[in-house]
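# Chains, contacts and geometry: an overview
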Amino acid sequence: EPDQPNKPEQSEKLKEISGFAWLDSDRDGEMDQRENLLEGIKVKLYDVSTQNYLKDNKGNVIITTTDKYGKYKFTDIKEGLYIVIFEYDTEEYEPTTYLAEGIDTARNSKVVLKKISINGEEITTAVTDTINVKENISDINIGLKEKHEMDLSCPCRSILFHLKATPINRDENGKPLPNHPKPKD
């Protein structure tokens, strides 16, 4: 018996891309249970075939945001080549180690900081490599770490002052050190 020849072709199965955003407080590149998950990170997909952000049927850019558990998910994605783009405060955070060695791929970060240009707009943000979506992918994660700025107002100045103020052949009380010639006063 023939397979219902008048039945319309089954539509292409759509895929999902998902992952987590976390604050890598120990800066080791691994998402672990001690670390905070990040809510409110905007996530977009760049469709390599159209060289544009993925859009809905009305032509609007599809944007998802990480929830209170740090999770995001894109559904109804056609097979193809995509780049996941994460938007966050680049003044406060930077990506953690990319694909940290020895870390399970489900628990590491898959982004790098990069300057990109899409539709004439240049932004510096975290992006993935090009992903060939042929099946559901659930571990496209972003680990962020807080940027550390050098504190130049610290004891560094007093240490430098102390070193400049104390001759190297005298102790902190100004007495000559043993095995050093007496300074001429």
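Everything numeric here is computed off the predicted structure, so don't read it as measured data.

What follows concerns the overall build of the protein chain. Secondary structure assignment for the protein chain yields one helix and eleven strands. Starting at the N terminus and ending at the C terminus, the protein chain contains elements arranged as β-β-β-β-β-β-β-β-β-β-β-α. The contacts in the protein chain between residues at least 6 apart in sequence include a share of 66% that link residues at least 24 apart. If you sum the accessible surface of the protein chain, you get close to 13100 Å²; carbon and sulfur atoms cover 48% of it.

With that settled, consider the packing of aromatic side chains. Tallying each qualifying case throughout the model produces two aromatic pairs. Look at Tyr-72 and Phe-86: their rings are 5.6 Å apart centre to centre, the planes differ by 85°, and that puts the pair in the edge-to-face class. Remark: Phe-86 occurs in strand S6 (residues 80–87) and Tyr-72 occurs in strand S5 (residues 71–77); sequence separation between them is 14 residues. In this structure Tyr-72 comes out as buried when scored by relative accessible area, which is 1%. Above the face of the Tyr-53 ring, Lys-44 is positioned so that its terminal group lies 4.5 Å from the ring centre.

Counted by the stated rule, this structure contains nine salt bridges. Its salt-bridge partner being Arg-34, residue Asp-32 comes within 3.3 Å of it at the nearest N-O pair. Taking relative accessible area as the criterion, Arg-34 reaches 65% and is therefore assigned exposed. A salt bridge links Glu-87 to Lys-44; its shortest N-O distance comes to 3.0 Å. One end of the pair, Glu-87, is in strand S6; the other, Lys-44, is in strand S2 (residues 42–47), with 43 residues separating them in the sequence. According to the relative accessible area criterion, Glu-87 is partly exposed, its value standing at 24%.

So, on to unusual backbone geometry. Positive phi, close to 60°, is recorded for Arg-27, a residue that is not glycine. Note on placement: Arg-27 falls in the loop between strand S1 (15–23) and S2. Backbone geometry at Asn-119 places phi at a positive 55°, although glycine is not the residue there. Locating Asn-119 in the fold gives a position in the loop between strand S8 (112–118) and strand S9 (121–127). We classify Asn-119 as exposed; its relative accessible area is 58%.

Membership of the largest hydrophobic core comes to 24 residues, with the highest contact counts inside it found for Ile-17, Leu-45, Tyr-72, Val-84, Phe-86, Ile-140 and Ile-142. Leaving out residues up to four positions away in the same chain, Ile-17 has contacts with Leu-45, Tyr-72, Lys-73, Phe-74, Ile-77, Val-84, Val-133, Ile-137 and Ile-140. Counting eight residues, the second largest nonpolar core, distinct from the first, contains Ile-116, Ile-118, Ile-123 and Val-127.

In low-pLDDT regions, the fine details of the predicted coordinates are not to be read closely. Per-chain confidence: the protein chain averages 81 in pLDDT, with 74% of residues scoring 70 or above. Low pLDDT (under 50) marks residues 1–10, which in the prediction has zero contacts with non-local residues, meaning those over four places away or in another chain. The model gives residues 155–168 a pLDDT under 50, and that stretch makes three contacts with residues more than four places away or in other chains.

Turning our attention to the pairing of S8. Remember that side chains alternate between the two faces of the sheet whenever the strand is regular. For S8 and S9, the ladder comprises seven bridges, and the chain directions are antiparallel. Within the sheet, the bridge partner assigned to Leu-113 lies in S9 and is Ala-126. Between the end of S8 and the start of S9, which pair antiparallel, lie two residues, with Asn-119 showing a positive phi angle near 55°.

On the basis of which strands lie adjacent, the open sheet formed by four strands has the order S5-S1-S11-S7 and mixed pairing. The sheet terminates laterally at S5 and strand S7 (93–95), the two strands that pair on one side only. Sheet twist, expressed as the mean angle between neighbouring strand axes with direction ignored, is 25°. Two strands pair when backbone bridges link them, and S1 and strand S11 (residues 142–146) are joined in this way by three bridges, in the parallel orientation. The residue of S11 that forms the bridge with Trp-22 is Gly-143.

The rules we used
- Residues numbered from 1 in each chain as written.
- Predicted model: local features only at pLDDT ≥ 70, side-chain atom pairs only at ≥ 80, totals over all residues.
- Heavy atoms only, no water.
- Helix = DSSP H or I, 4+ residues; strand = E, 2+ residues; numbered from the N terminus.
- Contact = heavy atoms within 4.5 Å.
- Areas by Shrake-Rupley, 256 points an atom, 1.4 Å probe, with all protein chains shown as cover.
- Phe/Tyr/Trp six-rings, centres within 6.5 Å; stacked < 30°, edge-to-face > 60°.
- Buried < 20%, exposed > 50% of the residue type's maximum accessible area, 1.4 Å probe, protein only.
- Lys NZ or Arg CZ within 6 Å of the ring centre and 35° of its normal.
- Salt bridge = Lys/Arg side-chain N within 4 Å of Asp/Glu carboxyl O.
- Core = buried A, V, L, I, M, F, W, Y, C linked by side-chain atoms within 4.5 Å.
- pLDDT = per-residue confidence, 0-100.
- Pairing = 2+ DSSP bridges.
- Axes fitted to C-alpha atoms, helices over the stretch in contact; angles between N-to-C directions.

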